Amino acid sequence: MDFDRNLHHQDLGLDDDQVVDMYRLMLMARRVDDRLFALQRQGRAPFVVGSSGHEAVQVASVFALDKAKDWVLPYYRDMGVALAWGFKPVDVFLAAFAKKSDPMSGGRQLPGHWSDPELRVLTQSSVIGTQYLHAVGIAQAVKTRGEDAVVVVYGGEGSTSEGDWHEAMNWAGIHKLPLIFVIENNGYAISVPHSEEVAGSLTARAAGYGFPGVEVDGNRSLRVFKVMQEAVTRARSGEGPTLVEAETYRYYAHTSDDNDALYRSREEVETWRKRDPVARLRQYLIEHRLLSEAREDSIDTEVARALAEAVESAEAAPDPDEALSRVYARVIEPGPAATEPEPVPSGESVNLITAINMALHEVLEAYPDAVVFGEDVAREKGGVFKATQSLTQTFGPARCFNTPLAESSIIGAAVGMAAAGFRVIPEIQFADYIHPAFDQLVSEAARICYRSDGRWNVPIVVRTPYGAGIHGALYHSQSIESFYAHIPGLKVVVPSTPADVKGLLFSAVDDPDPVIYLEPKKLYRLAKGPYPEGEHLVPLGRAAITHPGTDLTILAYGAMAYFALEAAPVLEGLGISPEVIDLRSLKPLDWPTIEESVKKTSRALIVHEDNEFVGYGAELAAQIADKTFEWLDAPVRRYALPDVPIMPYAGPLEAQLYPTPEGIVRHAQELAKY
Ligand SMILES: Cc1ncc(C[n+]2csc(CCOP(=O)(O)OP(=O)(O)O)c2C)c(N)n1
């Protein structure tokens, strides 16, 4: 039997009981795994992902941590991490049987998606690699608060090909975060062998990001422990991150759905079975006279009993029955319909971009846990549009700082920081560049509340300038609202006046859910109005009637709400009385206000600068047709962009496409005549 003769647990600071406990937990992980696969074969558990073979790296790494204050982000194969960290076998089986009391997701996620706020284990998704940026955000939070905690994030070697891994390594290196990346290299990403997934050395990559990478035999518990101990010491002393690459092997197929005989030989599996980490530690304990037959028997019996009880009670637990809850941490109920314009607030008259800057100052003043970050937002530059000007000087570099040029990082780190207790206000420099963060917004931020059965939520307000009309061409003009309004779990708002800038920003920052705060950049300098003094809130989900009327309803937001107001007096001059509604909040939508208005006017014109096809107006038109059909005197009309990529650079081309106040007048006239 091959085991580590060079290390002794006591030299590493582990006492006899601890190393026996390490063995007990590894054995428990192995037995739970075997039972899960047996249950799956019996048709009692639908799906299983195995951990067998990985126990040494998983369990021993946890022994180097402080369970009272550190954080771990285990990936789906990390049953050993989970059990060593504090999850109980019954938790594993509740998840396997998808029961209501499954503490990780209440039966909403596949098994192995660990989560528990009390244990400081952030909910994990199935998306490979996204967790690394969450770990960065948590470590950033830990560092900002000056806590003595370490964050450990786990993943397979396959995940290191994802951009999020590289972005996380980069950010962690820049900020010298107390973060340890543990890569469990089992040689395959499903069927793809290491040689086809990783060029060169994984471990060596850490040097490129400015911190050490260490390779370790992941099947030797004490070696893993030693390497982790050193990494933890580095992290706690402020020296920054470490990458640990642990070579190991999985004994089962990738999951219960996989047939590993198609890509690896039985001989290879047998070779690795001879390096079984559980057997190795057992042999070590026997050689050091720590595992008498009697003690082994009692451990075996204890593990078997714990397992039997866990399976029995988990299988008998009630099934979940509530599929609609926890989409949002705060559900916004529709209010009474607005029937008249809101009073104009008193305050200094400013333009939209000045209002954004003023509101950000007020928000950071009011919320000491609020932070701003993004590309170019810090110090003298203060953002490419100056929205964040002087925030760093006023509130310090921990409250407003620059990020690497990596949008997935910005949102991924925001998720982690928000989960760790901050109110995060990231800036995406232009909405056109938010797409690399789509995954972090849609698969992560939006789903975290639902997938954790409401146990986690991420208060993030993503500010981003959007829209055309400024000669921004194809990549500084996009309207992105329909992508995000489509996603349950996200809220989407668009202010078009300085007063709404403040009112919506305060409501968004106060909200526990992720909010996309779209700034119509066409209006940055165009829209002027009073910036309200003192407390001013515009509730999410509340539209504004900005021009009352009786003949037709114009529904718009952003720059189009501004244009609709320019069109209104012209229409009145033509004998048509338009009611202009600035939606302000695209999700949740203020349906009662729309309904009341359309029932009054019997005609609806929707205006937006996004493409018409499957644009936001399609949803409005469908709801109006569906719910107010009997009141309509004309078809619902949309005035929006045709199906072209937004937006050509040349002025005459942009003018052909971009909606105008004159165009609104024309469409409203046609609709009024119908
Ligand atoms: C972004 C993404 N792409 C593809 C998949 C499908 N998938 C699930 S696991 C996996 C392989 C992961 O390999 P590795 O990171 O080495 O971890 P291992 O499963 O070997 O422990 C793949 C391709 C996914 N879940 N997420």
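Treat the numbers as computed from the prediction; the structure is a model and nothing was measured.

S.K.: Can you help me understand the pairing of strand 14 (residues 515-520) in this one?
M.R.: Here strand 14 lies mainly inside the structure; 6 of its 6 residues are buried. Bridge analysis of strand 12 (residues 461-466) against strand 14 gives 6 bridges, and the strand direction is parallel. Across the sheet, Val462 pairs through a bridge with Ile516, a residue of strand 14. Looking at chain direction, strand 13 (residues 491-493) and strand 14 are connected through 3 bridges and run parallel. What sits directly across from Lys491, in strand 14, is Val515. Crossover handedness for the path strand 13 to helix 19 (residues 498-510) to strand 14: right-handed.

S.K.: Even after reading the chapter, I still don't get empty space enclosed by the protein, so can you show me in this structure?
M.R.: To locate leftover empty space, one rolls a probe as large as a water molecule over the atoms. Inspection of every chain in the model, using the stated rule, returns 3 cavities of 30 Å³ or more. Size it by volume and the largest cavity reaches roughly 110 Å³. What lines the largest cavity is a set of 16 residues, among which Leu36, Val49, Val92, Pro111 and Gly112 lie closest to the centre. Residue composition of the lining of the largest cavity, grouped by class: 12 nonpolar, 2 polar and 2 charged.

S.K.: What should I look at first to understand the packing of helix 2 (residues 55-63) against helix 9 (residues 221-236) in this one?
M.R.: Think of two packed helices as two axes; the pair is described by the angle between the axes and how far apart they sit. Axis separation between helix 2 and helix 9 bottoms out at 8 Å; the angle between their running directions is 45 degrees. Taken together, the axes of helix 2 and helix 9 lie oblique to each other. The two elements helix 2 and helix 9 meet at a crossing, and its hand is right-handed. Residues Ala56, Val57, Ala60, Ser61 and Phe63 of helix 2 form the contact with helix 9, whose participating residues are Ser221, Val224, Phe225 and Met228. When the residues that make up the contact of helix 2 with helix 9 are grouped by side-chain class, the tally is 7 nonpolar, 2 polar and no charged.

S.K.: Honestly, helix 6 (residues 163-175) in this entry has me stumped. Any pointers?
M.R.: In an α-helix, one turn spans 3.6 residues; hence positions three or four apart end up facing the same way. If you check helix 6, its first and last C-alpha atoms are 18 Å apart, about what 13 residues at 1.5 Å a residue would give, namely 18 Å. By the burial criterion, the buried members of helix 6 are Asp164, Trp165, Ala168, Met169, Trp171, Ala172, Gly173 and His175. Backbone geometry just after helix 6 places Lys176 at a positive phi near 45 degrees.

S.K.: Which parts of the structure should I look at to understand unusual backbone geometry?
M.R.: Excluding glycine, residues mostly have negative phi values, and the peptide bonds linking residues are mostly trans. Following Lys587, the chain continues into Pro588 via a peptide bond in cis, with omega recorded as 5 degrees. Structurally, the position occupied by Pro588 is in the loop between strand 19 (585-587) and helix 21 (591-601). That bond from Ile646 to Met647 is cis: its omega, 0 degrees, falls within 30 degrees of zero. With respect to the helices and strands, the residue Met647 is situated in the loop between strand 21 (637-641) and helix 23 (651-657). Of note in the backbone geometry, Lys386 takes a positive phi value of approximately 75 degrees without being a glycine. Structurally, Lys386 can be placed in the loop between strand 9 (370-374) and helix 14 (391-395). Residue Val614 is not a glycine yet carries a positive backbone phi of 55 degrees. The class of Val614 is exposed, set by a relative accessible area of 58%.

S.K.: Could you clarify how one ought to interpret the nonpolar core in this entry?
M.R.: Note on soluble globular proteins: their nonpolar side chains tend to be buried together. If you look at the biggest cluster of nonpolar residues, it comprises 84 residues, and the most contacted ones within it are Val151, Leu179, Phe181, Phe373, Tyr484, Leu583 and Ile594. Ignoring sequence-local partners within four residues, the contact set of Leu179 consists of Ala135, Val136, Ala139, Val151, Val153, Ala172, Ala235, Pro241 and Thr242. Listed in part, the 74 residues of the second largest apolar core include Leu27, Val152, Leu222 and Phe225.

S.K.: Would you mind showing me how to read the pairing of strand 3 (residues 179-185) here?
M.R.: Where a strand is regular, its side chains alternate between the two sheet faces. When you tally the buried positions in strand 3, you get 7 out of 7 residues, the bulk of the element. Note: strand 2 (residues 151-156) against strand 3, 6 bridges, orientation parallel. Its bridge partner lying in strand 3, Tyr154 is registered against Val182. Running through helix 6, the crossover from strand 2 to the neighbouring parallel element strand 3 is right-handed. Bridge analysis of strand 3 against strand 7 (residues 242-247) gives 6 bridges, and the strand direction is parallel. Bridge assignment links Ile183 to a residue of strand 7, and that residue is Glu245.

S.K.: How should I be thinking about the environment of Leu671 in this particular structure?
M.R.: Residue placement: Leu671 occurs in helix 24 (residues 661-673). When the C-alpha positions of Leu671 and Arg637 are compared, they lie 7.4 Å apart, and in sequence the two are 34 residues distant. Setting aside its immediate chain neighbours within four residues, Leu671 contacts Leu552, Arg603, Ala604, Leu605, Ala634, Pro635 and Arg637.

S.K.: How should the environment of Val501 be read in this particular structure?
M.R.: Within the secondary structure layout, Val501 lies in helix 19. Overall, Val501 belongs to the buried group, its relative accessible area being 0%. Sequence-wise, Val501 and Leu360 are 141 residues apart; in three dimensions their C-alpha atoms are separated by 9.7 Å. In contact with Val501, not counting residues within four places along its chain, are Leu352, Ala355, Ile356, Ala359, Pro495 and Tyr517.

S.K.: Is there a simple way to think about the pattern of salt bridges in this case?
M.R.: Should their charged atoms come close, side chains of opposite charge can pair. In the structure shown here, the tally under the stated rule is 37 salt bridges. Close ionic contact of Asp300 with Arg31 constitutes a salt bridge, the shortest N to O distance being 3.7 Å. Taken together, the residues Asp300 in helix 12 (residues 293-316) and Arg31 in helix 1 (residues 16-41) connect sequence positions 269 residues apart. With its nearest N and O atoms 3.2 Å apart, the salt bridge here joins Arg423 to Asp369. Of this pair, Arg423 sits in strand 11 (residues 423-427) while Asp369 sits in the loop between helix 13 (352-366) and strand 9, and the two are 54 residues apart along the sequence. The class for Asp369 is partly exposed, based on a relative accessible area of 26%. Each of the salt bridges in this network shares a partner with another, and the network as a whole consists of Arg330, Lys491, Asp510, Asp511 and Asp513.

S.K.: What is the right way to read the packing of helix 4 (residues 89-96) against helix 12 from this model?
M.R.: Running from N to C, helix 4 and helix 12 cross one another at 35 degrees; their axes reach a closest spacing of 8 Å. As for how helix 4 packs across helix 12, the hand of that crossing is right-handed. Taken together, the residues of helix 12 that come into contact with helix 4 (itself represented by Pro89, Val90, Phe93 and Leu94) are Leu307, Ala310, Val311, Ser313 and Ala314. Class assignment for the residues of the contact of helix 4 with helix 12 results in 8 nonpolar, 1 polar and no charged.

S.K.: What's the story with the site of the ligand in this structure? I'm lost.
M.R.: Residues in close proximity to the ligand total 16 residues, the closest being Tyr75, Tyr76, Arg77, Ser126 and Gly158. Within the contact set of the ligand, an oxygen atom lies 2.7 Å away from a side-chain nitrogen or oxygen of Arg77. Within the backbone of Ser159, one N or O atom sits 3.0 Å away from an oxygen atom of the ligand. Coverage of the ligand by the protein chains reaches 72% of its 590 Å² of free accessible surface.

S.K.: Which parts of the structure should I look at to understand the sheet that holds strand 6 (residues 213-217)?
M.R.: Within a sheet, each strand pairs with its neighbour through backbone hydrogen bonds, oriented either parallel or antiparallel. Strand order across the open sheet formed by 5 strands is 1-2-3-7-6, with parallel pairing between neighbours. Sheet topology places strand 1 (71-73) and strand 6 at the edges, where each strand pairs with a single neighbour. Within the sheet, the average angular offset between the axes of one strand and its neighbour, ignoring direction, is 20 degrees.

Rules used in this analysis
Sequence positions are assigned chain by chain, starting from 1 and proceeding in written order. Selection of residues for local features in this predicted model requires a pLDDT of at least 70, selection of side-chain atom pairs for listing and counting requires 80 or more, and totals for whole chains, interfaces and linings are taken over all residues. Derived side-chain values reflect all non-hydrogen atoms in the structure, with water molecules and hydrogen atoms excluded from consideration. Classification of residues uses two cut-offs on accessible area relative to the type maximum, computed with a 1.4 Å probe and protein chains only: under 20% is buried, over 50% is exposed, and between them is partly exposed. To qualify as a helix, a DSSP run of H or I must reach at least 4 residues; to qualify as a strand, a run of E must reach at least 2; elements of each kind are numbered from the N terminus. Strands are treated as partners if at least two bridges between them are detected by DSSP. Whether a crossover is right-handed comes down to one check: with the strands pointing away from the viewer, does the path from the first strand over the helix to the second run clockwise; if it does, it is right-handed. Lining residues are those with an atom within 4 Å of a point, where the points come from a 1 Å grid over the protein atoms alone and group into cavities, where a 1.4 Å probe fits but cannot get out, or pockets, open sets with protein on both sides within 12 Å along at least five of seven lines. Grid points are joined across faces, edges and corners, and a volume is the space filled by probe spheres set on the points. The classification used treats Ala, Val, Leu, Ile, Met, Phe, Trp, Tyr, Cys and Pro as nonpolar, Asp, Glu, Lys and Arg as charged, and all other residues, Gly among them, as polar. To get an axis, fit a line to the C-alpha atoms, keeping to the stretch in contact for a helix; angles then go from 0 to 180 degrees between the N-to-C directions. Every angle not falling under 35 degrees, over 145, or within 65 to 115 is termed oblique; those three ranges are roughly parallel, roughly antiparallel and roughly perpendicular. Take the far helix as the reference: if the near one is turned anticlockwise from it by less than a right angle, the crossing is left-handed, and if turned clockwise, right-handed. Any pair of residues with heavy atoms lying within 4.5 Å of one another is described as a contacting pair. Under the convention used throughout, the expected extent of a helix is 1.5 Å for every residue step, that is, one less than its residue count. Joining through side-chain atoms within 4.5 Å is the link that ties buried Ala, Val, Leu, Ile, Met, Phe, Trp, Tyr and Cys residues into a set, and such a set is a nonpolar core. Here, a salt bridge means any Lys or Arg side-chain nitrogen found within 4 Å of an Asp or Glu carboxyl oxygen. To be near a molecule or strand, a residue needs just one of its heavy atoms within 4 Å of it. A 3.5 Å cut-off defines polar contacts: any pair of N or O atoms within that distance qualifies, except that in protein one atom must be a possible hydrogen donor and the other a possible acceptor, and neighbouring residues in sequence count only when both atoms are side-chain atoms. Shrake-Rupley sampling with a 1.4 Å probe provides the accessible areas, and residues are treated as covered by the protein chains on show and by no other component.

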